[in-house]
Amino acid sequence: MKWSTEDIKSYSEAKQYVDTAIIPLIGLDFGDGIAQSASMAEYIGLLAAQLERQFTGRLLLMPPFTYLKDENPGVSAERLGRWEERLAEEGMRHVFLLTSDQSWREMEGKFKGSLIWLPALPLATMEDKQKVLLINDQVKQLMQLFTARWRAE
C-alpha cells in the first residue's frame, strides 16, 4: 500500500495484516552532486514502488525520508529513529530502510529496522526496457530478503 488517500483507506481497514514498512532514504544535494542525488532518488523510488506492488496488502510504502546531504548525519539519524519509533507504536514489526547513500551504512547499528544499501545504477543512460529488466531483477532479490526476514520471526 502506498502513502495515498485511496491506499490509506485500505490500510486503515486491514491494519492488522500490514506489519512491514519501507522507507526510501533520499538525500538532496543541490551542488555538484545534484545529478547523482537525482539518480539515486530515481533508482530507490523505482525499487520501492515495485516492491510495494509485489507485496500489496503486507506492507506500507512510506513517503521518502528526505535529508540534505550536508546535514549533520546524527540529526538525520535521530529524525529517522523517531519515524521507526512511531511505526513500531503503530504495529509495524518490520521496517526496511532503502538507500543508495553509502553514508547510512556507517550508522546501520543505530536503527531497529533493516538497512538495505544498493549502489545506484545509471538509469539515465538506459533504455526503458533495460530499466524494467534491471529493476525487476533487483526486486526479485529483495523479495527473497523480505520473505526470509518474515520467516525468521
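Residues numbered from 1 in each chain as written. Predicted model: local features only at pLDDT ≥ 70, side-chain atom pairs only at ≥ 80, totals over all residues. Heavy atoms only, no water.

Peer 1: Summarise the overall build of the chain; cite the residues concerned and give the values.
Peer 2: Of regular secondary structure, the chain possesses four helices and five strands. Counting from the amino terminus, the chain carries its helices and strands in the arrangement α-β-α-β-β-α-β-β-α. Over its C-alpha atoms the chain spans a radius of gyration of 15 Å, differing by no more than 12% from the 15 Å that the globule rule assigns to 153 residues. In terms of overall dimensions, the chain has a C-alpha envelope of 45 × 40 × 30 Å along the principal axes. A burial count over the chain gives 41% of its 153 residues as buried. Contacts in the chain between residues far apart in sequence, at least 24 positions, make up 73% of those at least 6 positions apart. (Helix = DSSP H or I, 4+ residues; strand = E, 2+ residues; numbered from the N terminus. Rg over C-alpha atoms; globule rule 2.2 N^0.38 Å. Buried < 20%, exposed > 50% of the residue type's maximum accessible area, 1.4 Å probe, protein only. Contact = heavy atoms within 4.5 Å.)

Peer 1: Tell me what's going on with the pairing of strand β3 (residues 65-68), and back it up with residues and numbers.
Peer 2: Side chains Phe65 and Tyr67 of β3 all project onto a buried face; the interleaved residues Thr66 and Leu68 project onto a face where none is buried. Pairing analysis gives four bridges linking strand β1 (residues 20-28) to β3, with the strands arranged parallel. Each residue of the ladder has a partner; that of Leu25, found in β3, is Phe65. (Pairing = 2+ DSSP bridges.)

Peer 1: Before we move on, could you go through the layout of surface pockets and cite the residues and values that matter?
Peer 2: Each pocket or cavity is described by its volume, and for the largest pocket that value is around 170 Å³. Lining the largest pocket, in full, are Trp3, Ile8, Tyr11, Lys15, Leu60, Met62, Trp83, Arg86, Leu87, Glu90 and Met92. Among the secondary structure elements, those contributing two or more residues to the lining of the largest pocket are α1 (5-13) and α3 (73-89). Residue classes in the lining of the largest pocket are distributed as eight nonpolar, no polar and three charged. (1 Å grid on protein atoms, 1.4 Å probe; cavity = no way out; pocket = protein on both sides within 12 Å on 5 of 7 lines; lining within 4 Å. Points joined across faces, edges and corners; volume = space filled by probe spheres on them. Nonpolar A, V, L, I, M, F, W, Y, C, P; charged D, E, K, R; others polar.)

Peer 1: Break down the pattern of salt bridges for me, citing the residues and quoting the values.
Peer 2: Using the criterion set out here, one finds eleven salt bridges in the structure. The salt bridge partner of Arg86 is Glu89, with a shortest N-O separation of 3.3 Å. A residue pair is termed a helical-turn pair when its members lie 3 or 4 positions apart in one helix, as Arg86 and Glu89 do in helix α3 at three residues. Relative accessible area serves as the criterion here: at 59%, Glu89 is assigned to the exposed category. Between Glu90 and Arg86 there is a salt bridge, with the nearest N and O atoms lying 3.3 Å from each other. Taken together, the salt bridges that share partners define one network made up of Lys15, Arg86, Glu89 and Glu90. (Salt bridge = Lys/Arg side-chain N within 4 Å of Asp/Glu carboxyl O.)

Peer 1: I'd love a proper account of the side chain of Ser114, names of residues and values included.
Peer 2: Inspection of the secondary structure assignment puts Ser114 in strand β5 (residues 114-117). On the basis of relative accessibility, which here comes to 19%, the residue Ser114 falls in the buried class. In terms of polar contacts, Ser114 uses its side chain to reach the side chain of Arg149, at 2.5 Å. For Ser114, the residues in contact, after removing those within four places along its chain, are Val95, Phe96, Leu97 and Arg149. (Polar contact = N/O pair within 3.5 Å; in protein donor to acceptor, adjacent residues only side chain to side chain.)

Peer 1: Account for helix α4 (residues 128-151), naming residues and giving values.
Peer 2: Because an α-helix packs 3.6 residues into every turn, residues spaced three or four apart end up facing the same way. Compared with the 34 Å implied by 1.5 Å per residue over 24 residues, the 34 Å span of α4 between its first and last C-alpha is a close match. Those residues of α4 that fall on the buried side of the exposure criterion are Lys131, Ile135, Gln138, Val139, Leu142, Phe146 and Trp150. On its buried face, α4 sits against β1, α2 (34-54), β2 (59-61), β4 (94-99) and β5. (Expected span 1.5 Å × (residues − 1).)

Keep in mind these numbers describe shape, not what the thing actually does.
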